[in-house]
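# Structure at a glance
Listed below are the residues making up each chain.
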Amino acid sequence: MVVLQPGRQRLYLALREPLVLGRECDGLVLADGQVSRRHLELRTLHEGVMATDLGSTNGTFVDGARISEPTLLRPGHTLTLGVTAVRVVATVPDVDGAGRLTTVSEPRRGADDLRRTSIDVVADLVTSDPWPTQAGSDTVTILFSDIESHTERVAGLGDAGWFEMLEEHNRLFREELARAGGREVKAQGDGFMLTFTSVRRALAFATTVRRRLAEQWPRGPGLELRVRMGLHTGEAIADPSGDLIGRHVIKAARIANLARGGQILVSETVREIASGDHGLTFGDGVPVELKGLDGVHLVHEVFEVT
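As the structure is a computational prediction, the values presented were derived from the model and not from experiment.

### A short note on helix α3 (residues 199-216)
Between the first and last C-alpha of α3 there are 26 Å, a value that for 18 residues agrees with the 26 Å anticipated at 1.5 Å per step. Among the residues of α3, those classed as buried are Val199, Ala202, Leu203, Phe205, Ala206, Thr207, Thr208, Val209, Arg210, Arg212 and Leu213.

In structure tokens, the structure reads:
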């Protein structure tokens, strides 16, 4: 689902359990003076999403018609409450443990057999938005990331330990992002989509995060906090809310999905721009096919000079 409020960035929701929307509630709090404190409940069903108005003052509307009883929503329906719009989009399939067990040691041809990851979810949420965007594009360096082998880490650390690890991961990412002058476009579970105006800033961010995670999260074998990242530079279409779409977004996500924990993989474009950075070296280009993109693409691993 996509939530749109005037003057605010779009919010993407993957609805998995009942959620209350309102001005003052325990669910999704909306900055909308025309919305009641507890305005609406959304509940996912096999057939779609059930919307129930909770006795709101100004009412809830589905495609312009006010509802007075629970109403089943399907992809394409738009809810309106106050000046807030909620668009129902196609359900994103569950991520395999919100992360991926990966044994890929280098990029390989044919990505169709890879399981869905939090990187896929973040990319899909950005690129499948059914609301039209306005013309305009920027050349940016796009970075996708997630934590390797989420399921095994939860099992090894327990829920409390995993939550602590995830909080440390998110804090560190956002701290270094601020230092690098990058922007957080989307986050889903343990996955991030980030953008940078400079290739070198993006690579400095990626290598610093990798180094800090190794230094600050020492754990037993198999329990290290190992993050995989993929980067690509290109023009991405931007709408007024700051969301980005386009094939270059998809390319960055597909490259990230080829990495294993601790790897940073980049496109040939990134390598060419950063080739004069004497603090980095790049592995030989490996030709890969990327799902949804035509042709063969070269992908390089990034190493720091020691």
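Structure shown, so let's carry the discussion forward.
### Structural notes on the pairing of strand β11 (residues 84-87)
Where a strand is regular, its side chains alternate between the two sheet faces. Of the two faces of β11, the one carrying Thr84 and Val86 and the one carrying Ala85 and Arg87 are both buried. Pairing between strand β1 (residues 2-4) and β11: three bridges, direction antiparallel. What sits directly across from Leu4, in β11, is Ala85. Strand direction decides the pairing type here: strand β10 (residues 78-81) and β11, joined by four bridges, are antiparallel. In the strand pairing of β11, Thr78 is matched with Arg87.

### Observations concerning unusual backbone geometry
Negative phi values dominate among residues other than glycine, just as trans dominates among peptide bonds. The phi torsion at Asp63 lies on the positive side, around 50°, for a residue other than glycine. Considering the arrangement of structural elements, one finds Asp63 in the loop between β7 (61-62) and β8 (65-66).

### A word on the pairing of strand β17 (residues 264-267)
Every second residue of β17 is oriented toward a common face, with Ile264 and Val266 on one face and Leu265 and Ser267 on the other, all of them buried. In this sheet, strand β20 (residues 297-304) lies alongside β17 in antiparallel orientation, the contact comprising three bridges. Bridge pairing in β20 places Val266 opposite His300.

### Regarding the pattern of salt bridges
Here the structure, examined in full by the defined rule, presents 12 salt bridges. Across the pair Glu176 and Arg179 runs a salt bridge, and its minimum N-O distance is 2.9 Å. Taken together, the residues Glu176 and Arg179, both in helix α2 (residues 150-180) and three residues apart, mark about one turn of the helix. On the basis of relative accessible area, Glu176 is assigned to the buried category, the value being 7%. Arg179 sits in the exposed class, given a relative accessible area of 58%. Put simply, Glu168, Arg171, Glu175, Glu176, Arg179 and Arg212 are held in one network by salt bridges that share partners.

### Considering the packing of aromatic side chains
As enumerated under the stated definition, the model contains three aromatic pairs in all. The interplanar angle of 75° and the centroid separation of 5.6 Å between the aromatic rings of Phe173 and Phe205 together place this pair among those described as edge-to-face. Linking Phe173 in helix α2 with Phe205 in helix α3, this pair joins segments that are 32 residues apart in sequence. When the centroid spacing of 5.3 Å and the interplanar angle of 45° are considered together, the rings of Phe196 and Phe205 count as tilted.

### Quick notes on the confidence of the model for the protein
Per-chain confidence: the protein averages 79 in pLDDT, with 73% of residues scoring 70 or above. In the model of the protein, helix α1 (residues 118-127) stands out as the element of lowest mean pLDDT, 63, in contrast to β17, which has the highest, 96. Within the model, pLDDT remains below 50 along residues 130-136, and this stretch shows 21 contacts once partners closer than five positions in the same chain are excluded.

### A look at the environment of Gly261
Secondary-structure assignment places Gly261 in the loop between α4 (247-258) and β17. Given a relative accessible area of 2%, Gly261 falls into the buried group. For Gly261 and Leu225, which are 36 residues apart along the polypeptide, the C-alpha to C-alpha distance reads 8.4 Å.

### A short note on the environment of Leu28
Assignment of secondary structure puts Leu28 in strand β4 (residues 28-29). A relative accessible area of 15% means that Leu28 is categorised as buried. Note: C-alpha distance between Leu28 and Leu40 (12 residues apart in sequence) is 9.9 Å. Residues in contact with Leu28, not counting those within four places in the same chain, are Val3, Leu11, Leu13, Leu19, Val20, Leu21 and Gly22.

Conventions we followed
For every chain, the first residue of its written sequence is number 1, and the numbers climb from 1 along that sequence. At least 70 in pLDDT is required for a residue's local features to be given in this predicted model, at least 80 for side-chain atom pairs to be given and counted, and no such filter applies to totals for whole chains, interfaces and linings, which use all residues. As a rule here, side-chain values come from all non-hydrogen atoms in the structure, and water together with hydrogens is ignored. Put simply, DSSP H or I for four residues or longer makes a helix, DSSP E for two residues or longer makes a strand, and each gets a number counted from the N terminus. Multiply 1.5 Å by the residue count of a helix minus one, and that product is the helix's expected span. Burial here depends on accessible area, computed with a 1.4 Å probe over protein chains only, as a share of the maximum for the residue type. Under 20% is buried, over 50% is exposed, and the range in between is partly exposed. Two strands form a pair only when DSSP identifies at least two bridges running between them. Put simply, a salt bridge is a Lys or Arg side-chain nitrogen that is within 4 Å of an Asp or Glu carboxyl oxygen. Two rings from Phe, Tyr or Trp (for Trp, the six-membered ring) form a pair when their centres are within 6.5 Å of each other. A pair whose planes differ by under 30 degrees is stacked, one over 60 is edge-to-face, and the rest are tilted. The predictor attaches a confidence to each residue, called pLDDT, with possible values from 0 through 100. Here, two residues are considered to be in contact whenever any of their heavy atoms come within 4.5 Å of each other.

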